[in-house]
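Structural features, examined
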Amino acid sequence: VQYEFPEPRTIRGVEVYWFDDAATGGGCRTPQSWKLRYRDGDQWKDIPNPSACGVEKDRFNKAAFDEVRTSALRIEAQLRPEYSAGILEWRVE
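Rules behind the numbers
- Residues numbered from 1 in each chain as written.
- Predicted model: local features only at pLDDT ≥ 70, side-chain atom pairs only at ≥ 80, totals over all residues.
- Heavy atoms only, no water.
- Helix = DSSP H or I, 4+ residues; strand = E, 2+ residues; numbered from the N terminus.
- Rg over C-alpha atoms; globule rule 2.2 N^0.38 Å.
- Buried < 20%, exposed > 50% of the residue type's maximum accessible area, 1.4 Å probe, protein only.
- Contact = heavy atoms within 4.5 Å.
- Pairing = 2+ DSSP bridges.
- Axes fitted to C-alpha atoms, helices over the stretch in contact; angles between N-to-C directions.

Here we take up the overall build of the chain. Helices and strands together make up the secondary structure of the chain, namely zero helices and five strands. For the chain, the N- to C-terminal ordering of α and β elements is β-β-β-β-β. Relative to the 2.2 N^0.38 estimate, which gives 12 Å for 93 residues, the radius of gyration of the chain is 14 Å and therefore close to what a compact globule would have. Taken along its principal axes, the extent of the C-alpha atoms in the chain is 40 × 20 × 20 Å. In the chain, which comprises 93 residues, the share counted as buried stands at 29%. The long-range fraction of contacts in the chain, counting pairs at least 24 apart against all pairs at least 6 apart in sequence, stands at 72%.

What follows covers the sheet that holds strand β5 (residues 86–92). Here we have five strands laid out as an open sheet, ordered β3-β2-β4-β1-β5, and antiparallel in their pairing. Since the sheet does not close on itself, it has two edges, and those belong to β3 (43–46) and β5, each with one partner. If you compare each strand with its neighbour and ignore which way they point, the axes differ by 30 degrees on average. Here strand β1 (residues 2–19) pairs with β5 via six bridges, running antiparallel. What sits directly across from Trp18, in β5, is Ile87.

And the structure:
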């Protein structure tokens, strides 16, 4: 999943609310893990010094990090075997 900004922005954190429909027998779960990357020129780089990128259900999972200036952010998620994942909301600070 990726955000593209019309102009570069300074960013220091994100919050992700993962979709999980296990209670209703659906096929969507929180991912096993995820990381955040930012675009630096033509390259994608890992966010510097991120806090834990949580996968808790029913809440926003906040990740803070050293400020970056970028025109795009990307979430790369490792899914659980046999399940898909979804994002209900992604906030950028």
